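Next come the chains, spelled out residue by residue.
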Amino acid sequence: MGTNSADSAGTNSAPENAAIELKKVHKRFGDFTAVQDFSVQIRKGEFFSLLGPSGCGKTTTLRMIAGLEEVSGGSIWLDGGDVTGLPAYRRNVNTVFQDYAIFPHMNVLKNVYFPLRMRKIPLREALPDIRRMLQLVNMQDYENRLSQQLSGGQRQRIALARSLVNRPAALLLDEPLGALDFKLRVAMQQVLKDIQRNVGITFVYVTHDQTEALTMSDRIAVMKDGLVHQIGTPNDIYKDPATAFVASFIGDMNFLHGAYAGDEDGVDVIQLGDTVVKGKKRRYTYSGREEVLVCLRSEDIVISGQAGMQNKISAVVKRVVFRGADYEIGCALKNGDELRCVVSASMMDSAFAPGAPVTLGCDDANVITFPKSQGRDILDYGGGEEA
Ligand SMILES: Nc1ncnc2c1ncn2[C@@H]1O[C@H](COP(=O)(O)OP(=O)(O)OP(=O)(O)O)[C@@H](O)[C@H]1O
Ligand SMILES: [Mg+2]
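About the criteria used
- For every chain, the first residue of the written sequence is number 1, and numbering continues from 1 onward in sequence order.
- Chains and ligands are labelled by the order in which they are written, letters from A for the one and numbers from 1 for the other.
- Predicted model: local features are reported for residues with pLDDT of at least 70 only, side-chain atom pairs are reported and counted for 80 or more only, and whole-chain, interface and lining totals are derived from all residues.
- For the side-chain quantities, the full set of heavy atoms in the structure was used; hydrogens and water were omitted.
- When DSSP finds two or more bridges between a pair of strands, those strands are recorded as paired.
- The helix and strand labels rest on DSSP assignments: H or I over at least four residues marks a helix, E over at least two residues marks a strand, and numbering proceeds from the N terminus.
- Boundary definitions for the domains trace back to an automatic or database domain assignment.
- Two residues form a contact once any of their heavy atoms are found within 4.5 Å.
- Two parts lose some accessible area (1.4 Å probe) when they are put together, and adding that loss for both gives the buried area.
- What qualifies as a polar contact is a pair of N or O atoms within 3.5 Å, subject to a donor-acceptor requirement within protein and to the restriction that residues adjacent in sequence count only when both atoms come from side chains.
- Each residue gets one label: Ala, Val, Leu, Ile, Met, Phe, Trp, Tyr, Cys and Pro are nonpolar, Asp, Glu, Lys and Arg are charged, and the others, such as Gly, are polar.
- The near set for a molecule or strand comprises every residue that places at least one heavy atom within 4 Å of it.
- Computed by Shrake-Rupley with a 1.4 Å probe, the accessible areas treat only the displayed protein chains as cover when residues are assessed.

Caption draft 1: Here's a closer look at the sheet that holds strand 1 (residues 20-29). In spatial order, the strands read 2-1-4-5; together these four strands make up an open sheet with antiparallel pairing. The open sheet terminates on both sides in strands that have one partner only, identified here as strand 2 (32-42) and strand 5 (81-82). Note: strand 1 against strand 2, seven bridges, orientation antiparallel. When the sheet's bridge partners are listed, Leu22 is paired in strand 2 with Val40.

Caption draft 2: Inspection of the domain arrangement of the protein at higher detail. For the protein, the domain assignment lists domain 1 (20-239) and domain 2 (252-374). Computed over C-alpha atoms only, the centres of domain 1 and domain 2 are separated by 40 Å. The partner domain 2 presents five residues to the four residues of domain 1 that form the contact. A buried area of about 340 Å², summed over both sides, lies between domain 1 and domain 2, and 23% of it is on carbon and sulfur atoms. The largest per-residue losses of area from domain 1 upon contact with domain 2 belong to Gln230, Tyr238 and Lys239, which jointly make up 97% of the total buried on that side. Remark: the boundary between domain 1 and domain 2 carries two residue pairs in polar contact (both at pLDDT 80 or more). No other element matches helix 7 (residues 234-239), which puts three residues into the side of domain 1 that touches domain 2. Tallied by class, the residues present in the side of domain 1 that touches domain 2 amount to two nonpolar, one polar and one charged.

Caption draft 3: Seen up close, the site of ligand 1. Residues in contact with ligand 1, as listed here, are Phe29, Phe32, Ala34, Ser54, Gly55, Cys56, Gly57, Lys58, Thr59, Thr60 and Glu175. Separating an oxygen atom of ligand 1 from a side-chain N or O atom of Thr60 is a distance of 2.6 Å. Here ligand 1 has 640 Å² of accessible area as a free molecule, and 58% of this is covered by the chains. Taken together, the elements giving at least two residues each to the shell around ligand 1 come down to strand 2 and helix 1 (58-66). The greatest single-element share of the shell around ligand 1, amounting to three residues, is contributed by helix 1.

Structure representation (structure tokens):
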């Protein structure tokens, strides 16, 4: 009964097959490369997201896993078996798309019954399963409703129930909440996450919404132009972005122009305008007086005079924006770079007014740097041209 298989979802008992494995998967359309060398092992019961801007190759990747698109290179494995050459119907996965097509001429019950009917399971026998699925998506009171008598969120829940009733080993979801308004979207995120926990099915979830990916996923693959920039937990990706693109795509990041000024006890020393900051995060090594991108998250910066503050940077307040719970303060450094920081409403000081000189500070551990050449990959950065 219960869940779809006896797999020990969520445990780390080692020698188990990955639910889904991509080995150097490649996809070309003509001479255009849509996905490059994608390798990953997705664990059983994992909530795994593909995140990236429009056109980065998320849907193409999902379609290759589903068997709806052929790979141009590499292989795809489901539960330890190579399925690269198998058609979609022979893979134990199910796909839910953005437009949640459910059959308009069938009521809710018949819609959810449909996949079981295809397998010639009599309704009488299927009923307990159907009802369990309807309960799971909280639609048990709607059995006789037709599609057009349901809201978008309700239709999407029926589409989910229908895709789960066959108990696939994995569910592939392509922006399934994309058509819903913001509030419903947030509510459905919770529904989806709860369902995934309850049934223990592996989810591969496509989204271009970073908040959605951060809040729902166990791990995320961040993609750009067909290339995977980083695979990691939301925490990894947020705290330790592997590339400047990831840093710019996730959260609110400041990018500043700096220059490498040497090593001090295993910490990078970076010249930033007329001050020097130290950075502990060291993904890249630099030489000489190489120019670097310095990344600081707005919430990691403290403003003015706090005791024990590391990396003091002088600046002048340019803008103060009230945002309800907090203020965003935009400051200009001497070299013209701008740095945004966040001050909670309760900590706000009238001294932080446009024109006021301030001292900004940040921890060594929160200073992230990238080679300057990565500037061309980042979003909203004014300094890429001259590279
Ligand atoms: N059948 C096809 N023929 C040619 N090019 C294609 C085809 N399908 C997709 N592409 C191209 O491959 C790239 C990746 O497309 P894909 O649909 O995977 O992007 P995506 O990340 O899902 O984007 P979005 O967020 O807009 O849905 C795009 O540049 C797209 O134009
Ligand atoms: Mg897509």
